Amino acid sequence: VQLQASGGGLVQAGGSLRLSCAASGTAFSIKQMGWYRQAPGKQRELVAFITTSGSDFMANFVDSVKGRFTISRDNAKNTVYLQMDALKPEDTAVYYCNAKYGGYTYWGQGTQVTVSS
């Protein structure tokens, strides 16, 4: 499974960005996909993940982004999106796409998100 992330960039505080992560290399739907981030000098942390079961899905977020970030996915495309609104300087980090499939964990390349004050 390969994960291709895109959508990072530079934005002012209060602005929005949308990250995308497309999974390839499997014909089956990946049950859990999500996003982590790592700021300079800090450990990588979970931001949000979405788990699907048939037509149902469940989303989870770290407390610091609740109400500001939305996660969604297109099962047919094995693609997950992270809509980030009301961005704050503390959201600045490299964001990594993550997928759990077949008992393995996969990572995409990071995409830089920089929020200026």
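You'll find the structure just up there.
Residues numbered from 1 in each chain as written. Predicted model: local features only at pLDDT ≥ 70, side-chain atom pairs only at ≥ 80, totals over all residues. Heavy atoms only, no water.

**Considerations on the pairing of strand 1 (residues 2–6)**
The side chains of a regular strand alternate, first on one face of the sheet and then on the other. Burial of strand 1 is one-sided: the residues L3 and A5 facing one way are buried, the residues Q2, Q4 and S6 facing the other way are not. Pairing analysis gives five bridges linking strand 1 to strand 3 (residues 17–24), with the strands arranged antiparallel. In the sheet register, Q4 faces strand 3, and the bridge partner there is A22. (Buried < 20%, exposed > 50% of the residue type's maximum accessible area, 1.4 Å probe, protein only. Helix = DSSP H or I, 4+ residues; strand = E, 2+ residues; numbered from the N terminus. Pairing = 2+ DSSP bridges.)

**Describing the pattern of salt bridges**
Using the criterion set out here, one finds four salt bridges in the structure. Among the salt bridges present, the one from R37 reaches E45, with a minimum N-O distance of 2.7 Å. Overall, E45 belongs to the partly exposed group, its relative accessible area being 30%. Across the pair R68 and D91 runs a salt bridge, and its minimum N-O distance is 2.7 Å. Here D91 lies in the loop between strand 8 (79–84) and strand 9 (93–101) and R68 lies in the loop between strand 6 (56–61) and strand 7 (69–74), a separation of 23 residues in the sequence. Taken individually, R68 and D91 each receive the classification buried, so the pair is uniform in this respect. Linked through salt bridges whose partners overlap, the residues forming this network are R37, E45, R68 and D91. (Salt bridge = Lys/Arg side-chain N within 4 Å of Asp/Glu carboxyl O.)

Read these as spatial facts, not as claims about activity.
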